[in-house]
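# Structure at a glance
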Amino acid sequence: MVKRVLDTGWLAARSTEVEANGVDLTTTQPPTTQPNSPWIKALVPGTVLGTLVKNKLVPDPFYGLENESIIDIADSGREHYTFWFFTTFECKLLNNQHVDLNFRAINYSAEVYLNGHKEVLPKGMFRRHSIDITDILHPDGQNLLAVLVYPPDHPGRIPPKGGQGGDHEIGKDVAAQYVEGWDWMTPIRDRNTGIWDEVSITVTGPVKIVDPHLASSFFDGYKRVYLHSTAEFVNKSAWVAECSLNIQVSTELEDRTFLIEHLETHHVSISPGANIHYTFPQLYFYKPDLWWPNGMGKQHLYNVEITVDVKGYGESDTWSHHFGFRKIESHIDSATGGRLFKVNGQPIFIRGGNWVLSDGLLRLSKERYKTDIRFHADMHFNMMRCWGGGLAERPEFYHYCDLYGLLVWQEFWITGDCDGRGDPVSNPDGPLDHDLFLLCARDTVKLLRNHPSLALWVGGNEQVPPPDINSALKTDLQLHPYYMNSNNSGTSAVTPMINDPSQYLDGTRVYIQGSMWDGFADGKGDFTDGPYEIQNPEDFFKPDYYKYGFNPEVGNVGMPVAATIRATMPPEGWQIPLFKKLSNGYIEEVPNPIWTYHKYIAYSKPGKVHDQILLYGTPKDLDDFCLKAQLVNYIQYRALLEGYTSHMWSKYTGVLIWKTQNPWTGLRGQFYDHLHDQTAGFYGCRSAAEPIHVQLNLATYSIEVANTTSEELSNVAIEASVWDLEGECPYYKTSEKLTVPPKKTISTFEMEYLKSKNPKPVYFLLLKLYDAFDYRIYSRNFYWLHLTGGDYKLLEPFRERRPPLKITSLAFIKGSTYEMRMHIQNTSEKPDSNTLLYRNNFIRRNGSCDESDSSESISLLDGEKHEISLYEKIRRNFSREHNKARVSEVNGTGKGVAFFLHFSVHASKKEHKNGEDTRILPVHYSDNYFSLVPGEVMTVTISFEVPPGVTPRVTLHGWNHHDGHTIL
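Residues numbered from 1 in each chain as written. Predicted model: local features only at pLDDT ≥ 70, side-chain atom pairs only at ≥ 80, totals over all residues. Heavy atoms only, no water.

## Things to note about the side chain of His924
Within the element layout of this structure, His924 appears in strand S44 (residues 923-925). Reaching out from His924, the side chain makes a polar contact with the side chain of Arg374 at a distance of 3.5 Å. Sequence-distant contacts of His924, defined by excluding residues within four places in its chain, comprise Thr371, Arg374, Phe375, Asp378, Gln678, Thr941, Ile942 and Ser943. (Helix = DSSP H or I, 4+ residues; strand = E, 2+ residues; numbered from the N terminus. Polar contact = N/O pair within 3.5 Å; in protein donor to acceptor, adjacent residues only side chain to side chain. Contact = heavy atoms within 4.5 Å.)

Following this line, the structure appears as structure tokens:
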């Protein structure tokens, strides 16, 4: 098969401004871009609104209050956002070749004209369309294509107060529901009308391959494995096709060569115009490399290729897909009542997040998806929930989840708010066209089912589909009998298959009817997820914080850094909230109107939680407010995950945070902003969710160790040290050697500094879990704490106590790609120590997103040896002229803790305008918002791409290094 993606050269115009019809546009009157022409350059894939923004015909709806200046479809009428899209392409066929025009998704319906011929694309946002255009192509190979795209049938109206899904009318269609706005999202004015996913042409011979299905079964403790495969073959010719069907399975070796593990050929005859489903004989593998989720092991992937050769023609079509051998099971845990997941027989404690979509205007790309998914892996998450009001995510999303080990919970397009449980009650029977919904659901399953990351299907968000849809989905997605029995993988005898698993629509993944049913929340559908607001950090650890075993949604704050506010809002949006004191002593935050529009969530909860930003003192300006917000973000999200992990398996089986990011410039529930800059909450999560973790229980002040891996942890110990604001260490303790069982959180000893004679009002606590033999570190965790009933206001004068730093940097540059390794040392005088723990020589585990499984030594700091890993070996391909170590020294004003250090990368400019955003984004940091006690060394790796013609500048800031230092 030859595939060509049509993603360039598109034009667009409002239908009411085009006089020609589709036949004329694709024959005698093709568009021009002459002056006064209605035609503009189009964004395909994309939406009408995305095209208008690209051409600056409307303002950026995500900037400030600009969305209010864009007319809503409810006020303009559907015709205002009904658009023509036009392009040309070349295609000449050889004898017996056939060509299809493919639309992977449009919203919501369309008319397609090619060289004067008309086809209709039926309604539905989540379905594929394929048109055989063999007989329509122009003889000279020059083809004219015009597509008239219509908006959803029921775009709805936005009530004055907004609401969850607007007036809920969008729920009558099979479309994304977030477009009418939510408590975290502004309305999308065109309701995402457009050709929003890939357009392509594919050329095949007389026989075409359609929707192969791959599945695997496991026996003898995962030693004996079978690959099952079924595919549809369509004979487009007028004669009997004598076919050789080939299946090949290969794996990529480390030296970028491929090992073919299986190659088989089978012969079939296909009648003229017929289609058949052919099931290949199962392929046997002995001890194949398994695919594991992030933190449990490596994401091994095989490549499966199916080809069909036709006698007298040759290769007619080919299809390939990567495939991971893995078995995902789940059941309701009797101890907790929560749904417990197993992968390859191993229980996995779920820590992840809710996902809506990457961009609210559907400006989706492989590059953006790669960053999004890698960010989630960097936080050590192992699951993402694709929320029912958003998308059936695209294959590119799943591709990177496969690569980075993120399990995916995929919901269909039902929400409680728009489908029967809203205020007012809405669409109790769900979408109007139930057959259309099921058609889209089945097509989505076929599109995504071969991805190993896809873990389960769920009927809807906080609601179940209407009874007939729910019943049909249960039938369509029923498990193959093999997958109903969790003990099959241990069977020693050959178990005959009743039907081959690949003959099912899916058959390998569980279907759950709704997000609060069957082991999620209370399991009965009551609104028992949440909460969605600021918390007292210690509350996350208390046994009564959450009653149920698996929380599918728990939300919190998400203020970005000040540079993002300046980049996404005009100066009137740079005003920080007013702090209004109430009669009960609590503070109510009063944000400016732009922050309110961007769904700002306050850092106080009057009556329950005192303002967490004011614990650090009243902010002076935007920079001060946002920096203090980052301190709170870090504490809130680390405590959230540590609290759930503290009760792993005894009370909880998993938790998903609402939500990990925003598809626009929102100000709540995010670990990185829409521009791809991380908040400190990102690194709080990264710390708390590491597979092996040492933590302080904020409710009991006992020190705990969480081992979420399948291996026992032995011969380890804990170092706990308290540091005051003067740089002294008034409390130091190391534990006896410990053994931590797999999949368990244990309590070790109490941190007793508070019981000492004169504990300081504000202090730092540094915990390290280390190998007692060679002092390599499994986990490091740094806290800032205050006495009960106190605050952090003493940190304000502490800003002026600047400890000296030494930063040694290595830069590796290849083209526009920068890879940097920073060694940061707090050169304050360190206390006597018989250990080498201050060096922070970390152990890297297989399966973690930042693993290092090969190392060597280089001398970087004062002659000391420090491990470097495969990271540096890979960089032998990078330019050598830039990889010499550079040393920067920062003089200090006194010894002490270097607190809340964070790197950023900027474009070097001699002059820039006030508010101009000079950041280079995205940037991947192995750690950020970190602190160093006297004498301590930390290594941070930084990677990023530099735009053409730009020289990067790396800077380091900190709470008590607020002036910033240029490192590169």
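## Overview of the nonpolar core
Generally speaking, soluble globular proteins have nonpolar side chains that are buried together. Core analysis: the biggest nonpolar cluster contains 230 residues, and Trp784, Leu795, Phe899, Phe903 and Ile942 have the highest contact counts within it. Residues Tyr222, Tyr226, Ile247 and Leu656 belong to the second largest nonpolar core, which totals 54 residues. (Core = buried A, V, L, I, M, F, W, Y, C linked by side-chain atoms within 4.5 Å. Buried < 20%, exposed > 50% of the residue type's maximum accessible area, 1.4 Å probe, protein only.)

## Here's the deal with the environment of Ser904
With respect to the helices and strands, the residue Ser904 is situated in strand S43 (residues 898-907). Judged by its relative accessible area of 18%, Ser904 is buried. Between the alpha carbons of Ser904 and Ala392 there is a distance of 34 Å; along the sequence they are 512 residues apart. When near neighbours in sequence (up to four residues on either side) are disregarded, Ser904 contacts Tyr925, Arg953, Val954 and Thr955. Among the polar contacts listed, one links the side chain of Ser904 to the side chain of His906, at a separation of 2.9 Å. A polar side-chain atom of Ser904 sits 2.9 Å from a polar atom in the side chain of Thr955.

## With respect to helix H4 (residues 366-378)
In an α-helix there are 3.6 residues to a turn, and that puts residues three or four apart on one side. For H4, with 13 residues, the first-to-last C-alpha span of 18 Å sits near the 18 Å given by 1.5 Å per residue. Where H4 is buried, its residues touch strand S21 (350-355), strand S22 (383-386), helix H5 (395-404), helix H12 (680-688) and S44. Just past H4, the residue His380 takes up positive phi, approximately 65°. (Expected span 1.5 Å × (residues − 1).)

## Brief notes about the sheet that holds strand S19 (residues 339-343)
Pairing within the open sheet is antiparallel, and its 3 strands lie in the order S18-S19-S20. Two strands lie at the open edges of the sheet, namely strand S18 (328-332) and strand S20 (346-348), each paired on one side alone. With strand direction ignored, the average angle separating the axes of adjacent strands in the sheet is 35°. Pairing of S19 with S20, which is carried by 3 bridges, proceeds in the antiparallel orientation. Bridge pairing in S20 places Val343 opposite Gln346. (Pairing = 2+ DSSP bridges. Axes fitted to C-alpha atoms, helices over the stretch in contact; angles between N-to-C directions.)

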